[in-house]
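# Topology and contacts: notes
Here's the letter readout for the chains.
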Amino acid sequence: MVTDPIADYLTRMRNALSANHRIVEIPASNLKKRLTEILYEKGYILKYKFDDAAPGSGLIKIALKYNQVTKQPAIRSLRRVSRPGLRRYKGADDLPKVMNGLGIAVISTSKGLMTDKEAKSQKVGGEVLCYIF
């Protein structure tokens with residue numbers, strides 16, 4: 001049993017990227033599905049598939065994105081901010097900028113999971129889950 005599913009998600013992605021894997025499989029949950037959709041919308045991953053036929057709650061299959069010339073991954077860093085032992089909450093005015101706006105912060109708000117820019121535009125704050133750039 002995993003005590004921190006978001007940290008597990010990020011670690012699986014980080015390990016797959018460092019090993020230059022093309023596809024990574026992650027156990028699914030609604031939070032992880034939305035996080036995957038955000039990564040796809042922002043161009044950090046190539047494509048994804050939700051496999052609900054797998055036993056349990058299903059799997060998420062993610063095709064990782066690499067630069068064709070340099071073979072560098074599109075995701076340089078995945079960092080967990082809020083964790084079960086120390087939750088980090090920010091108001092709409094205090095949301096962090098990641099790499100001066102080049103990266104994204106994923107925020108869990110009352111309106112669902114969204115990026116820091118979307119949360120600022122909707123004027124909602126929440127728990128800062130992770131930084132991605």
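Let me begin by describing the structure that accompanies this report.

Reading guide: rules and limits
All residue numbers here refer to positions counted from 1 along the written sequence of the relevant chain. The predicted origin of the model limits local features to residues at a pLDDT of at least 70 and limits the giving and counting of side-chain atom pairs to 80 or more, whereas totals for whole chains, interfaces and linings rest on all residues. Remark: hydrogens and water are excluded; side-chain values derive from all non-hydrogen atoms of the structure. For Phe, Tyr and Trp, rings pair up if their centres lie within 6.5 Å, where Trp contributes its six-membered ring, and each pair is then called stacked (planes under 30 degrees apart), edge-to-face (over 60) or tilted (otherwise). Three exposure classes are used, based on accessible area relative to the maximum for each residue type with a 1.4 Å probe and protein chains only: buried under 20%, partly exposed in between, and exposed over 50%. Only lysine NZ and arginine CZ atoms are considered, and such an atom sits over a ring when it is within 6 Å of the ring centre and within 35 degrees of the ring normal. Secondary structure counts use DSSP, requiring at least four H or I residues in a row for a helix and at least two E residues in a row for a strand, with both numbered from the N terminus. We call two residues in contact whenever any of their non-hydrogen atoms come within 4.5 Å of each other.

One pass over the full model with this rule turns up 2 aromatic pairs. On the basis of an interplanar angle of 75 degrees and a centroid distance of 5.3 Å, the ring pair of Y40 and Y48 is categorised as edge-to-face. Plain terms: the ring middles of Y48 and F50 are 5.1 Å apart, the flat faces sit at 45 degrees to each other, and that makes the pair tilted. Among the residues examined, Y48 registers a relative accessible area of 29% and is labelled partly exposed. What makes F50 partly exposed here is its relative accessible area of 26%. Over the aromatic face of F50 sits the side chain of K33, whose NZ or CZ is 5.3 Å from the ring centroid.

Moving on, we get to the environment of L64. Position of L64 among the secondary structure elements: in strand 3 (residues 59-64). Put simply, L64 and H21 are 43 residues apart on the chain and 7.5 Å apart in space, counted from C-alpha to C-alpha. Excluding residues that lie within four positions of it along the chain, L64 makes contacts with M13, A16, L17, H21, R22, V24 and L46.

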